[in-house]
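Take a look at the letters that make up each chain.
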Amino acid sequence: MAKMFIAGESVDSVTGETYEVRNPVNGDVVDTVPKGNVDDARRAVDAAEAVFEEWSHTSAEERAGLLFKAAELVEAERKSLAELLTREQGKPFQEASGELEHFNHGIDFYAGLASKVRGAQVPLPAKNAYGMVVRKPLGVCGAIVPWNFPITLMGTKVGPALAAGNTVVVKPASSTPLTTIRIIELMNQAGIPKGVLNVITGPGGVVGEELISNPKVRRIAFTGESATGKHVAEVACGDFKRVTLELGGSDPMIVCEDADIQKAITGAMVGRFWNAGQACLAVKRLYVFDKLFDEFVSGLVGKVSRYEVGDGMTRAEKPKIRMGPLHTAAQRDEIESQVKDAIDRGAKVLVGGARPEGSQYEKGHYYLPTILVDVANDSRVVREETFGPVLPIFRVSSLDEAIEKANGSIYGLGSSIWTKNLDNIETAIDRIQAGNVWVNSLHYGYDELPFGGVKASGFGREHGPEALDYYLEPKGVVITR
Ligand code: NAD
């Protein structure tokens, strides 16, 4: 049985209660974990608080060295960690392995930045006086993580938090705690002092709720649904915690008439169907210029037909590409009802639109990659986030029309434009309401660049050196001689 990790020890919950983590492919139990409660969360917060003073005064070089070492230990176990991630999450092994690689890259990135934090010396109008800006870590940080990319999204919080000298309590999603627990054990084995990095497991409404309401927690980094994020912000702001929210998205992709059509088709395919479409920054609405609409759509349908759903632990035979099941039954129900709504409003299904047939698929939450056209603008797949392998494609006749439609969403996370025309590129960068614009590029979150949303996609940024700013408080100092 996996255990929580608090104050350098693997522990059960105080009640001894547990719950099962199941494989989305067949419902088999992967492992059991403690069902933590409020007391467990408090225990972890207290442990993180107790060691904050010491950790925040540990030299930046030393903190960096421990993070580099942690990434090495994770890398050495990458294969078995990727297998565990596949079994608890459902994604294909290659995608899981890539997620771990991305996690390590992020930890290395922030380890490298730990010793590069800068303040300022400021001239003042007062006589014999000058100002300084010093930057201080905040204290105990709560890292609340969803199930779709459990490891990278944990790393985007833990990396900058620890590099900046904060201590952390991680709360993974209830259905994906196992790989996280093992990684946090390994990071502690690297020598990170006891209590600096803890993980608690249990229901979000109990242990997560305690993290966001416990006054000893000074910072919440949350990734998840917009509705949960709104609640998190309301509660956490009650005692003035610093909060960042990485929430849902409905990324538009615009393909102009001069686009490199093959590159754009690949961008749409990977951008929508990676992780079975369960990605915040996935391509969720595709706007294609009239002139190349038919050629683009038939090319994309051809490529999407190469997907074969199945167990992520096995590879599909080339040229087929493996896609895993959806993570939960509820997730698939939601996708099915969104597709039905689109069809009821006149949409045509060009590929997919159903569960795969065959007894081998009965136990998993499988759904076929789906492409829709003639989709009405008031359909749920346009208005809501579609967190699964469904792509509605729309015909547009101008960039103005495409941008107006792209912006007609409550979300504003990612977006992309595919064109060689510099005017179009600059117009898109300027006018699309989103935290990120990719130009002729796959929607992908690089560690080097800030990532986050506008509108209902949240506020604050993860990734990039900018993420460190959210884990450091500037303190103004006046010195008079
Ligand atoms: P979710 O909101 O249901 O859960 C996210 C986390 O919050 C989980 O750990 C959950 O246990 C916890 N939680 C639930 N109730 C809580 C409470 N009352 N207090 C504190 N914590 C609580 O989201 P999910 O279904 O796990 O993830 C999918 C969503 O995440 C999608 O909307 C997706 O777009 C979004 N997401 C956003 C980004 C981004 O960077 N913007 C990245 C990945 C996923």
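See above for the structure.
The present account deals with the structure reproduced in this document. Note that residues are indexed from 1 along each chain, following the sequence as it is written. At least 70 in pLDDT is required for a residue's local features to be given in this predicted model, at least 80 for side-chain atom pairs to be given and counted, and no such filter applies to totals for whole chains, interfaces and linings, which use all residues. Hydrogen atoms and water are omitted, and side-chain values are computed over all heavy atoms in the structure.

**Things to note about the overall build of the protein chain**
Then, number 1: Elements are defined by DSSP. Helices are runs of H or I of four residues or more, strands are runs of E of two residues or more, and each kind is numbered from the N terminus. Looking only at helices and strands, one finds 15 helices and 24 strands in the protein chain.
Then, number 2: The globule rule puts the C-alpha radius of gyration for 481 residues at 23 Å, and the 23 Å found for the protein chain is close to it.
Then, number 3: With the C-alpha coordinates aligned to their principal axes, the bounding extent of the protein chain is approximately 70 × 60 × 40 Å.
Then, number 4: In the protein chain, which comprises 481 residues, the share counted as buried stands at 57%.
Then, number 5: Contact criterion: two residues are considered in contact whenever any of their non-hydrogen atoms come within 4.5 Å of each other. Across the protein chain, contacts joining residues at least 24 apart in sequence account for 72% of those joining residues at least 6 apart.
Then, number 6: With residues, only the protein chains shown are counted as cover, and all accessible areas are computed by Shrake-Rupley using a 1.4 Å probe. As displayed, the protein chain offers around 19300 Å² of accessible surface, 52% of which is attributable to carbon and sulfur atoms.
Then, number 7: When the 53 basic and 63 acidic side-chain charges of the protein chain are each reduced to a single mean position, those positions are 2 Å apart. Throughout, radius of gyration means the C-alpha value; the globule benchmark is 2.2 Å times the number of residues raised to the power 0.38. Only protein chains enter the accessibility calculation, which uses a 1.4 Å probe. A residue is then buried if its area is under 20% of the maximum for its type, exposed if over 50%, and partly exposed in between. The charge count includes Lys and Arg as positive and Asp and Glu as negative, but it does not include His or the ends of the chains. Where a charge lies is defined by one atom per residue type: Lys uses NZ, Arg uses CZ, Asp uses CG and Glu uses CD.

**Considering the site of the ligand**
Then, number 1: We define proximity as follows: a residue is near a molecule or strand when any one of its heavy atoms falls within 4 Å of that partner. Taken together, the neighbourhood of the ligand is formed by 28 residues, with Val145, Lys171, Thr228, Leu247 and Glu385 sitting nearest.
Then, number 2: Separating an oxygen atom of the ligand from a backbone N or O atom of Val145 is a distance of 2.7 Å.
Then, number 3: Pairs of N or O atoms are called polar contacts if they sit within 3.5 Å, as long as, within protein, a hydrogen donor faces a hydrogen acceptor (for residues adjacent in sequence, only side-chain-to-side-chain pairs). A distance of 2.5 Å separates an oxygen atom of the ligand from a polar side-chain atom of Glu385.
Then, number 4: In isolation the ligand has 850 Å² of accessible area, and contact with the protein removes 90% of it.

**Here's the deal with helix H14 (residues 422-431)**
Then, number 1: Taken together, the buried positions of H14 are Asn424, Ile425 and Ala428. Each buried residue of H14 sits inside an arc of 100 degrees when the element is viewed along its axis, so together they form one side. Exposed and facing more than 90 degrees away from the buried side of H14 are Leu422, Asp423 and Asp430.
Then, number 2: Residues of H14 that are buried in the fold lie against helix H13 (399-406), strand S20 (416-418) and strand S21 (438-439).
Then, number 3: At the N-terminal end of H14, a side-chain oxygen is found 2.7 Å from the backbone nitrogen of Asp423, two or three residues along, and the residue is Asn421. The arc in question is formed by the directions pointing from the helix axis toward the C-beta atoms.

**Points about the nonpolar core**
Then, number 1: Within the largest apolar cluster, 60 residues are counted, with the highest numbers of intra-cluster contacts made by Leu162, Val170, Ile183, Met187 and Leu197.
Then, number 2: Top element by residues in this core is helix H4 (residues 93-113). It accounts for nine residues.
Then, number 3: Ignoring anything within four residues of it in the chain, the contact list for Ile183 reads Val74, Leu81, Leu100, Phe103, Ile151 and Met154.
Then, number 4: Counting 57 residues, the second largest nonpolar core, distinct from the first, contains Met253, Tyr287, Ala347 and Leu372. By nonpolar core is meant a set of buried Ala, Val, Leu, Ile, Met, Phe, Trp, Tyr and Cys residues that side-chain atoms within 4.5 Å join together.

**Some points on the sheet that holds S21**
Then, number 1: Strand order in the open sheet formed by seven strands is S16-S17-S18-S13-S12-S20-S21, with mixed pairing between adjacent strands. Edge positions in the open sheet fall to strand S16 (348-351) and S21, since each of these has one partner strand only.
Then, number 2: Two strands are counted as paired when DSSP detects at least two bridges linking them. Two strands pair when backbone bridges link them, and strand S13 (residues 283-289) and strand S18 (residues 390-396) are joined in this way by four bridges, in the parallel orientation. Of the residues in S18, the one forming a bridge with Tyr287 is Phe394.
Then, number 3: The angle between two axes is taken between their N-to-C directions and runs from 0 to 180 degrees, where each axis is a line fitted to C-alpha atoms and a helix contributes only its stretch in contact. Docked against the sheet, helix H9 (residues 261-273) engages strand S12 (251-255), S13, strand S17 (370-373), S18 and S20, running at close to 160 degrees with respect to S13.
Then, number 4: Those strands touched by H13 are S12, S13, S18 and S20, and its axis lies near 165 degrees from that of S13.

**Focus: the pattern of salt bridges**
Then, number 1: Think of a salt bridge as a Lys or Arg side-chain nitrogen and an Asp or Glu carboxyl oxygen that are within 4 Å of each other. Evaluated as defined, the whole model comprises 30 salt bridges.
Then, number 2: The salt bridge involving Arg42 is made with Glu210; its shortest N-O contact spans 3.1 Å. Here Arg42 is found in helix H1 (residues 38-56), whereas its partner Glu210 is found in helix H7 (residues 204-213), with 168 residues between them in sequence.
Then, number 3: Look at Arg42 and you get partly exposed, because its relative accessible area is 40%.
Then, number 4: A salt bridge links Asp46 to Lys216; the shortest N-O distance between them is 2.8 Å.

**Points about the environment of Arg42**
Then, number 1: Separated by 175 residues in sequence, Arg42 and Val217 have C-alpha atoms that sit 9.9 Å apart.
Then, number 2: Apart from the residues lying within four places of it in its own chain, the contact partners of Arg42 are Glu210 and Asn214.

**Considerations on the packing of aromatic side chains**
Then, number 1: Classification of ring pairs rests on two measures: the distance between centres of Phe, Tyr or Trp rings, Trp counted by its six-membered ring, which must be within 6.5 Å, and the angle between planes, read as stacked under 30 degrees, edge-to-face over 60 and tilted in between. By the definition in use, this model includes six aromatic pairs.
Then, number 2: Ring centres of Phe109 and Tyr110 lie 5.1 Å apart, and the angle between their planes is 90 degrees; this geometry places the pair in the edge-to-face category. Grouping residues by exposure puts Phe109 and Tyr110 together as buried.
Then, number 3: Geometrically, the ring pair formed by Tyr444 and Tyr446 is edge-to-face, given 4.8 Å between the ring centres and 75 degrees between the ring planes.
Then, number 4: The exposure class of Tyr444 is partly exposed, given its relative accessible area of 34%.
Then, number 5: The class of Tyr446 is partly exposed, set by a relative accessible area of 45%.
Then, number 6: Lysine and arginine charges are scored as sitting over a ring when NZ or CZ, respectively, is within 6 Å of the ring centre and within 35 degrees of the ring normal. The ring of Tyr471 has Arg219 sitting right over it, with the charged end atom 4.2 Å from the ring centre.

**Description of the packing of H7 against helix H8 (residues 226-236)**
Then, number 1: Packing of H7 against H8 leaves a shortest axis separation of 8 Å and a crossing angle of 40 degrees. By the angle between their axes, H7 is oblique relative to H8. Facing Glu209, Ile212 and Ser213 of H7, the residues of H8 in contact are His231, Val232, Val235 and Ala236.
Then, number 2: In this count, Pro and Cys sit with the nonpolar residues alongside Ala, Val, Leu, Ile, Met, Phe, Trp and Tyr, while Asp, Glu, Lys and Arg are called charged and the others, Gly among them, polar. Here the residues of the contact of H7 with H8 sort into four nonpolar, two polar and one charged. For classification purposes, angles smaller than 35 degrees are called roughly parallel, those larger than 145 roughly antiparallel, those between 65 and 115 roughly perpendicular, and all remaining angles oblique.

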